[in-house]
Amino acid sequence: MLYNFIYIFLIVKFILFLCFLYLYISHYNSNYSKPIYHEKVNIKNLQHLSFDYFLKNFSDIPIFVAKSKSNSIDMDGDVKKLNLTEYYNDIILKNNTDWYFKTEDEYDFLKLIGIKELVINEFSKIFDKNISNISRKQCSFWMGGKNSTTGWHTDIDDLSFLYVIQGKKKIQLIDPKYNANMYEKRIYTDGARWSNIDFKNIDYNKYPMFKNVEITSYILNEGDAVFIPSNWWHCVENLEDTIGITYKIYRTSYLYFTKLPEIIRKEEYKKKKYKIFNQLEIIKKILTKEEFEKYKQLFYS
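Residues numbered from 1 in each chain as written. Predicted model: local features only at pLDDT ≥ 70, side-chain atom pairs only at ≥ 80, totals over all residues. Heavy atoms only, no water.

Moving on to the overall build of the protein chain. Helices and strands together make up the secondary structure of the protein chain, namely eight helices and 15 strands. Here the protein chain holds 301 residues, and 48% of them are scored as buried. For the protein chain, contacts bridging at least 24 residues in sequence account for 85% of all contacts bridging at least 6. (Helix = DSSP H or I, 4+ residues; strand = E, 2+ residues; numbered from the N terminus. Buried < 20%, exposed > 50% of the residue type's maximum accessible area, 1.4 Å probe, protein only. Contact = heavy atoms within 4.5 Å.)

The subject of this paragraph is the pattern of salt bridges. Any two side chains of opposite charge can pair, so long as their charged atoms come close to each other. For the structure shown, the criterion picks out 13 salt bridges. A salt bridge links Arg 193 to Glu 184; the nearest nitrogen and oxygen atoms lie 3.4 Å apart. Each of the salt bridges in this network shares a partner with another, and the network as a whole consists of Glu 104, Asp 157 and Lys 248. (Salt bridge = Lys/Arg side-chain N within 4 Å of Asp/Glu carboxyl O.)

A word on unusual backbone geometry. Positive phi, normally seen in glycine, also occurs at Asn 130, with a value near 65°. The topology assignment puts Asn 130 in the loop between helix H5 (116–127) and strand S5 (134–144). The backbone of Asn 133 shows a phi angle near 55°, a positive value even though the residue is not glycine. Of note, Asn 133 is situated in the loop between H5 and S5.

Let us look at the pairing of strand S7 (residues 159–166). By the criterion of burial, S7 is predominantly enclosed, with seven of the eight residues buried. Note: S7 against strand S12 (residues 225–229), five bridges, orientation antiparallel. By the bridge assignment, Leu 162 is partnered in S12 with Val 226. (Pairing = 2+ DSSP bridges.)

Turning our attention to a nonpolar patch on the surface. A cluster of nonpolar side chains, Leu 255, Tyr 256, Leu 260 and Ile 263, forms an exposed patch at the surface whose accessible area comes to about 380 Å². With respect to the helices and strands, the residue Tyr 256 is situated in helix H6 (residues 254–271). (Patch = residues over 30% accessible without salt bridge, like charges linked within 9 Å, V, L, I, M, F, W, Y side chains within 5 Å. Areas by Shrake-Rupley, 256 points an atom, 1.4 Å probe, with all protein chains shown as cover.)

The subject of this paragraph is the sheet that holds strand S11 (residues 215–220). Across the sheet, five strands lie side by side as S10-S6-S13-S8-S11; this open sheet has antiparallel pairing. Edge positions in the sheet fall to strand S10 (192–194) and S11, since each has one partner strand and no second. Going across the sheet, the axis of each strand differs from the next one's by a mean of 25°, ignoring polarity. Here strand S6 (residues 149–155) runs beside S10; their pairing, made up of three bridges, is antiparallel. Along S10, the bridge assignment pairs Thr 154 with Arg 193. (Axes fitted to C-alpha atoms, helices over the stretch in contact; angles between N-to-C directions.)

Let us look at helix H2 (residues 51–58). Listed as buried for H2 are Phe 51, Tyr 53, Phe 54 and Phe 58. For H2, the arc enclosing every buried residue in end-on projection is 165°, short of the 170-degree limit, so these residues lie on one face. Looking at H2, the residues exposed on the side facing more than 90 degrees away from the buried face are Asp 52 and Lys 56. Packed against the buried residues of H2 are helix H3 (84–92), helix H4 (109–112), S5, S7 and strand S14 (242–251). (Arc of directions from axis to C-beta.)

Bringing the sheet that holds S12 into the picture now. Taken together, the eight strands give an open sheet; going across it, the order is S1-S12-S7-S14-S5-S4-S2-S3, and neighbouring strands pair in antiparallel fashion. Because the sheet does not close on itself, it has two edges, and the strands there are strand S1 (36–38) and strand S3 (79–83). Strand after strand, the sheet turns through a mean of 30° between neighbouring axes, direction not considered. As paired elements, S1 and S12 share three bridges and run antiparallel to each other. Bridge pairing in S12 places His 38 opposite Ala 225.

Here we come to the nonpolar core. Grouped together as the largest cluster of nonpolar side chains are 64 residues, with contacts concentrated most on Phe 54, Tyr 87, Phe 101, Phe 109 and Met 143. The biggest single contributor to this core is S7, with six residues. The residues contacting Phe 54, other than those within four sequence positions of it, are Leu 49, Ser 59, Leu 84, Phe 109, Ile 113, Ile 115, Phe 141, Met 143 and Ile 243. Membership of the second largest hydrophobic core comes to 11 residues, among which are Tyr 178, Ile 197, Val 213 and Cys 235. (Core = buried A, V, L, I, M, F, W, Y, C linked by side-chain atoms within 4.5 Å.)

Turning our attention to the packing of H2 against H3. To characterise two packed helices, one gives the angle between the axes of the helices and the distance between these axes. Axis separation between H2 and H3 bottoms out at 9 Å; the angle between their running directions is 135°. Considering their axes alone, H2 and H3 lie oblique with respect to each other. Within the contact between the two elements, H2 uses Phe 51, Phe 54, Leu 55 and Phe 58 and H3 uses Leu 84, Thr 85, Tyr 88 and Ile 92. Per-class residue counts for the contact of H2 with H3 are seven nonpolar, one polar and no charged. (Parallel < 35°, antiparallel > 145°, perpendicular 65-115°, else oblique. Nonpolar A, V, L, I, M, F, W, Y, C, P; charged D, E, K, R; others polar.)

To continue, consider the confidence of the model for the protein chain. The share of residues in the protein chain with pLDDT of 70 or more is 84%, and the mean pLDDT across the chain is 86. Within the model, the stretch residues 16–28 combines pLDDT values under 50 with 14 contacts to residues more than four positions away or in other chains. (pLDDT = per-residue confidence, 0-100.)

Here we take up H6. In an α-helix there are 3.6 residues to a turn, and that puts residues three or four apart on one side. Taking 1.5 Å of rise per residue, 18 residues should cover 26 Å, and H6 covers 25 Å from first to last C-alpha, within 8% of that figure. Those residues of H6 not exposed but buried are Tyr 254, Phe 257, Thr 258, Glu 262, Arg 265 and Tyr 269. Taken down its axis, H6 places every buried residue within 110° of arc, on the same side. Exposed side chains of H6 directed beyond 90 degrees from the buried face belong to Ile 264 and Lys 271. Positive phi shows up at Lys 273, right after H6, with a value of about 65°. (Expected span 1.5 Å × (residues − 1).)

The structure is reproduced here in structure tokens:
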């Protein structure tokens, strides 16, 4: 009886190992280990999402814009509430590159204005092909003036595609094998790491190991996209007034190979006394109590 139990236990253990191995190989498939440039994707049903469209339909919608330098962390600093018309007229048209309208995670602008599902459905038609075990999909929205930037950082998002709807972007990417050369900031942000290096004004005396990294660069015109592999460092600059969307696909294996290690990383950073970033708390400080409760209802509905 005991031998039968041991035999069954070993068989089950072996089957579980094979399942784990299959998920591991699927998750780290070589097709998704390097950046991929997609020229002229031109998603027809998203072409209308221009500056004119948002100003015409959502001009009075309150938005949160973050002070964004080429070595700063999104939403970790000065944040102010404007409406879209004010942002466009007072920030973009006046070439004020210090402020950038970026929305993701707890701040989901496309969901708040009711077009998120449309956007995701259109991306799905293009990028979901040959991808199995999809558990969920997400997207981020970027609207910035010429020369506005996002500094060096990594994301743990599973499969991530940056797409330009209007304007032009430059993106630079660095393999995570150069993590030690990137001088990470002492801050925890959920799913991301940030570098101290200012990619517009690199101080090689302060960050000498950055000289040894290899950088891959792409120019994204309207209708172009790039696949950003998980954990690759990247920074972005708008070469024109630009609207972009990042489409994200999460497979079932993401939970085991990415999300669980991220929970462990957070606890390690807490022990090291890193600053813990909370975007929702930043938004809460800007809004009245009533506005914040309404915002939470819209976001979590």
